[in-house]
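Structural characterization, general
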Amino acid sequence: MKPLLEFFPIVLFFVAYKLYDIYVATGVVIAATIVQVCIYWLLYRKVETMQWITLGLILVMGGATLYLQDEQFIKWKLTIIEWLFGGAFLVSQFVGNKTFIERMMGANLELPARIWKRLNLSWSLFFIGVGFLNLYVMHHYSTDDWVSFKTFGVPGLMVLFIAVQMVFLYKYVPAPEAKE
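Keep in mind the model is a prediction, meaning the values are calculated, not measured. (Residues numbered from 1 in each chain as written. Predicted model: local features only at pLDDT ≥ 70, side-chain atom pairs only at ≥ 80, totals over all residues. Heavy atoms only, no water.)

**Quick look at the UniProt feature "transmembrane region" (unreviewed entry) in the chain**
- Residues annotated in UniProt with the feature "transmembrane region" (unreviewed entry) correspond here to residues 20-43, 50-68, 80-100, 121-139 and 151-170.
- Along residues 121-139 one finds 100% helix and 0% strand; the C-alpha atoms at either end are 27 Å apart. (UniProt positions renumbered as here; feature names shortened; annotations may be inferred. Helix = DSSP H or I, 4+ residues; strand = E, 2+ residues; numbered from the N terminus.)

Now the structure itself:
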């Protein structure tokens with residue numbers, strides 16, 4: 001259910017863009033993100049901090065896009081959120097007892113401290129890199145291309161990055177114990 005909830009604003013944004021334009025799509029993604037947060041609250045009685053930040057950014061950047069009729073604001077939202085993620089992961093390298101990635105995955109995986117740090121740093125650099133890549137796409141390609149990049153390219157990069165991480169982490173996964 002959670003992955004479906006994560007992607008439904010993006011999917012609705014894409015469909016609205018293809019059927020109408022960037023401004024209708026922006027209004028749709030604002031409404032869908034509000035609904036998404038409400039559904040999270042109803043199902044889990046909790047909304048994660050990053051979901052609140054994402055909602056806030058959607059409201060501010062989407063609202064500016066609609067009010068000023070300037071699509072650059074909604075395009076910048078992706079870069080800002082990626083940089084916030086990257087920055088948060090990077091800060092956790094130096095602040096606190098555990099990195100963000102260790103807090104998220106530590107209950108399911110035992111790794112040496114240096115590997116947690118390396119893994120966390122790679123996630124930080126990934127998010128920051130995607131933010132810069134978004135800037136490149138938004139300034140050098142059409143809005144059609146940017147919408148496709150946001151909808152399919154960014155999730156595709158995430159899947160590829162996770163696959164690379166899995167290969168890297170495989171050697172740290174304990175072998176299953178043989179049954180006698």
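**Looking at the side chain of K77**
- Structurally, K77 is set in helix α4 (residues 72-92).
- There is no salt bridge for the buried K77, and the closest opposite charge comes from E82, which lies 7.3 Å off by N-O distance.
- Among residues more than four places away in sequence, those in contact with K77 are T54, L57, I58, M61 and K150. (Buried < 20%, exposed > 50% of the residue type's maximum accessible area, 1.4 Å probe, protein only. Lys, Arg positive; Asp, Glu negative; His and termini not counted. Salt bridge = Lys/Arg side-chain N within 4 Å of Asp/Glu carboxyl O. Contact = heavy atoms within 4.5 Å.)

**A look at the pattern of salt bridges**
- This structure, assessed with the given rule, holds 2 salt bridges.
- As a salt-bridge pair, E48 and K46 come within 3.7 Å of each other at their nearest N and O atoms.
- The partly exposed category is assigned to E48, whose relative accessible area is 41%.
- Ionic pairing is found between E71 and K75, a salt bridge with its closest N-O pair at 2.8 Å.
- Overall, the relative accessible area of 2% leaves K75 in the buried class.

**Details of the nonpolar core**
- By size, the foremost hydrophobic cluster in this structure holds 34 residues, and its most contacted members are F13, I22, L111, L119, W123, W146 and V147.
- The set of elements that each furnish at least two residues to this core consists of α1 (2-19), α2 (22-44), α3 (49-68), α4, α6 (113-140) and α7 (143-170).
- Per-element tally for this core: the top contributor is α6, with 10 residues.
- Residue contacts for V147: discarding those within four places in its chain leaves F13, F14, Y17 and I22.
- L5, V37, Y40 and L55 belong to the second largest nonpolar core, which has 5 residues in total. (Core = buried A, V, L, I, M, F, W, Y, C linked by side-chain atoms within 4.5 Å.)

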